[in-house]
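Structural overview
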Amino acid sequence: MGLDKKYSELKDDVLVKAAKKGDTAAFEELVSRHRDKVYARLLTIVKNEDVAIDLAQEVWIKTWQRLKQFQGDSTFATWITRIAINIGLDYLRKQKRRKIESIEEQIEESGGIERQMPIETVNPTQGLEREELRARIDRAMKQLSDEHRTVLVLHEFEGLEYKEIAKLMKCSVGTVMSRLFYARKRLAHLLAGLKREWF
Amino acid sequence: MKKRVFKYCRFFQVFLIAIALMLPAICAKAANLKLEIYLVWGSNEEKLPDPKYKKLNEDLAKKLQKIFKWKHYFQINKQNAEVPSRATKRFKVSDKCDVEITEMPGPQVEVKLYGEGKLINRTIKALTKDEMLTIAGEDKNETAWFVIIKLLQEN
Amino acid sequence: MMTLEQQLKIQAYVDGELSRAEAKKVEALIAADPEARGLYEELKFAATVLREHEPEFKMPVSQELFWNRIYEQIKQSEPEPIPVLDYLKYLVGVVFSRKNWVPVTATFIASVGIFLLKDVIKPIEDYLVVVETPSDEVGSYSFRAQSEKMFVLWIYNKENVGGEGATKVEPTNIEDEILMQ
């Protein structure tokens, strides 16, 4: 079931058209092209590699089943990323076993210690290797709560507006704004250590 | 084990197929109608003022005599008509009177009676070979008119 | 000390979510207040550093293995269609199997019974009659003279109601009852 060379030369919309007719080889090419992006998006949301792999599989199976619904209003990459985000968020919701949030979570939601944090006057670092910076950002993101991390992923990586994020996260725009605010404050605080380490 | 699309019990499947094969015979069909349309005058006088109008055939006259009070029935107009399936056709039965017939799904027909261009009556009813449809009314000088529609054949 | 509302407004300004009028107000605040300017820089940094350094991850599973899993799931979820010929052979086998003779005979008798009864059991639409008389001056009533196999729709002038009836035969059956239109 190897990839036919000709498929690798075709654009996404052509592959999608073929896949809609049942061409699994065309679909395989789409999987090959976009699987890392889908996996990365899921990993940033769920923070767990094994879970992200399982969810990625679910994303592709759902994509195959819903292909006929894809009308080309957005790019295929955008469409499948949305499916991945929805599946990732559904997973997080199912994982939330506690009916009443812990006090720590409540504090984190409302900003808690970050409200009292001094403003970090940190500039984007120069001289740091790109990969090192990415790794630091990844570690910092993992220290955020699910809600804070998710809102950052949706806003900064997906470029969604407040109301789009509110719809996906099933909360109000006000909640999105405050979560984003405190997520950024915390991230800035976590990344401030970078400047102090290197300079 | 291969998944099967049909999971009904096998006898139900046989029954369904048997019914499906007989459905064309069971169900009402789209039909072309062959009709006879009469315009009849009823009077107690033995002769009409206009001598050109013949007496109605005996069988039909007897039926009308049993139902209505008039003694004599005259055939003013008789025409054979055909109405294709799901179509509407208009027939002139006299200078002042038209009948419009529409073949509808099932055994039903719609019959519209026009007098001097105005719609007098609209009826939707099943039309079968067993039963004639008669639309009638009284007229001057104690006479009556009858529009009789008889189904001869359905194709 | 800025209020939370002011801080969120600055964030919304960073994200381009404010109207022009509101954005101007925030710009004025940032220009006038060092604390506001500091917060603006902090939020801008957090937004920028993330956007420009989105972590990249490669799936730690080979394409072949990953695709195989997906392919198996896709195939399992689709029902396998039965070729028509195979299905017909299967049915013929059912019908002509000795052990099935009782249910098959019963099915056949039921089917023939329905076919023969189709003329006896008249569908309800055979009895339905719709009559409309749009004119205010005329009315109508209908009845069925069963012995003469005739359905009659009588049209009368409403001014003449109360005069001598036209029909010799009064409807005797309830089914033949008339509705004054």
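This text gives an overview of the structure that appears in the document. Computed from a predicted model, the values in this text were never measured in an experiment.

**Thoughts on the overall build of chain A**
Assigned secondary structure in chain A consists of 11 helices and 0 strands. Ordered by position in the sequence, the α and β elements of chain A form the string α-α-α-α-α-α-α-α-α-α-α. Buried positions account for 51% of the 199 residues belonging to chain A. Across chain A, every contact between residues at least 6 apart in sequence was considered, and the portion connecting residues at least 24 apart equals 64%. As displayed, chain A offers around 10,400 Å² of accessible surface, 49% of which is attributable to carbon and sulfur atoms.

**Description of the sheet that holds strand β1 (residues 33-43) of chain B**
Read from one edge to the other, the open sheet built from 7 strands follows the order β2(B)-β3(B)-β1(B)-β9(B)-β8(B)-β3(C)-β2(C), with strand pairing classed as mixed. The open sheet terminates on both sides in strands that have one partner only, identified here as β2 (54-55) of chain B together with β2 (138-145) of chain C. Bridge count between β2(B) and strand β3 (residues 72-83) of chain B: 2 bridges; the pairing is antiparallel. In the sheet register, B:K55 faces β3(B), and the bridge partner there is B:F74. With respect to the sheet, helix α2 (residues 58-67) of chain B is in contact with β1, β3, β8 (132-139) and β9 (143-154) of chain B together with β2 and β3 (150-157) of chain C, its orientation differing from that of β3(C) by roughly 60 degrees.

**Considerations on the sheet that holds strand β6 (residues 108-115) of chain B**
The 5 strands are arranged β4(B)-β5(B)-β6(B)-β7(B)-β1(C) in an open sheet whose pairing can be described as antiparallel. Across the chains shown, the open sheet's two edge strands, defined by having one partner strand only, are β4 (88-92) of chain B together with β1 (130-132) of chain C. Averaged over all pairs of adjacent strands, the angle between their axes in this sheet comes to 15 degrees, without regard to strand direction. With 5 bridges connecting them, β4(B) and strand β5 (residues 97-103) of chain B associate as antiparallel partners. Following the sheet pairing, B:K92 is matched in β5(B) by B:D98.

**Let's talk about the interface of chain A and chain C**
For interface size, the figure often reported is the accessible area lost on association. The partner chain C presents 40 residues to the 49 residues of chain A that form the contact. Carbon and sulfur atoms make up 67% of the surface buried where chain A meets chain C, a total of about 4,600 Å² over both sides. Where chain A packs against chain C, one counts 6 salt bridges. Ionic pairing is found between A:D36 and C:K58, a salt bridge with its closest N-O pair at 3.5 Å. There are 13 residue pairs in polar contact (both at pLDDT 80 or more) connecting chain A and chain C.

**Focus: the packing of aromatic side chains**
The full count for this structure, using the stated rule, is 16 aromatic pairs over all chains. Between A:F181 and A:Y182 the ring centres are 5.1 Å apart and the planes differ by 75 degrees, which places this aromatic pair in the edge-to-face class. Both residues of the pair, A:F181 and A:Y182, count as buried. Among the aromatic residues, those joined into a cluster by ring pairs are A:F27, A:W60, A:W64, A:F70, A:F76, A:W79, C:W67 and C:Y71. Directly above the ring of A:Y7 sits A:K6, whose terminal nitrogen or CZ lies 5.4 Å from the centroid. Directly above the ring of B:Y114 sits B:R90, whose terminal nitrogen or CZ lies 3.8 Å from the centroid.

**Re the environment of A:K68**
Tracing the sequence through the fold places A:K68 in the loop between α4 (49-65) and α5 (76-95). The class for A:K68 is exposed, based on a relative accessible area of 65%.

**Focus: the pattern of salt bridges**
Within this structure, the stated rule accounts for 30 salt bridges over all chains. When the shortest N-O distance is used, the salt bridge between A:R41 and C:E54 registers 2.7 Å. A residue pair is termed interchain when its members come from two chains, as with A:R41 in helix α3 (residues 24-46) and C:E54 in the loop between α3 (34-52) and α4 (63-77). Here A:D90 makes a salt bridge to A:R93, at a shortest N to O gap of 2.8 Å. Here A:R93 and A:D90 lie together in helix α5, a separation of 3 residues that amounts to about one turn. Overall, the relative accessible area of 35% leaves A:D90 in the partly exposed class. Residue class for A:R93 comes out partly exposed when judged on its relative accessible area of 33%. Through salt bridges with shared partners, a single network forms among B:R90, B:K92, B:D98, B:E100 and B:K112.

**Comments concerning the pairing of strand β7 (residues 118-126) of chain B**
The sheet contact formed by β6(B) and β7(B) spans 8 bridges and is antiparallel. Within β7(B), the position partnered with B:Y114 by the bridge is B:L119. What sits between the antiparallel neighbours β6(B) and β7(B) is a turn of 2 residues, in which B:E116 has the positive phi angle 55 degrees. As paired strands, β7(B) and β1(C) are joined by 3 bridges and run antiparallel to one another. Counted as the bridge partner of B:R122 is C:E132 from β1(C).

Procedures and definitions
Residues numbered from 1 in each chain as written. Chains lettered and ligands numbered in written order. Predicted model: local features only at pLDDT ≥ 70, side-chain atom pairs only at ≥ 80, totals over all residues. Heavy atoms only, no water. Helix = DSSP H or I, 4+ residues; strand = E, 2+ residues; numbered from the N terminus. Buried < 20%, exposed > 50% of the residue type's maximum accessible area, 1.4 Å probe, protein only. Contact = heavy atoms within 4.5 Å. Areas by Shrake-Rupley, 256 points an atom, 1.4 Å probe, with all protein chains shown as cover. Pairing = 2+ DSSP bridges. Axes fitted to C-alpha atoms, helices over the stretch in contact; angles between N-to-C directions. Buried area = accessible area lost by both parts, 1.4 Å probe. Salt bridge = Lys/Arg side-chain N within 4 Å of Asp/Glu carboxyl O. Polar contact = N/O pair within 3.5 Å; in protein donor to acceptor, adjacent residues only side chain to side chain. Phe/Tyr/Trp six-rings, centres within 6.5 Å; stacked < 30°, edge-to-face > 60°. Lys NZ or Arg CZ within 6 Å of the ring centre and 35° of its normal.

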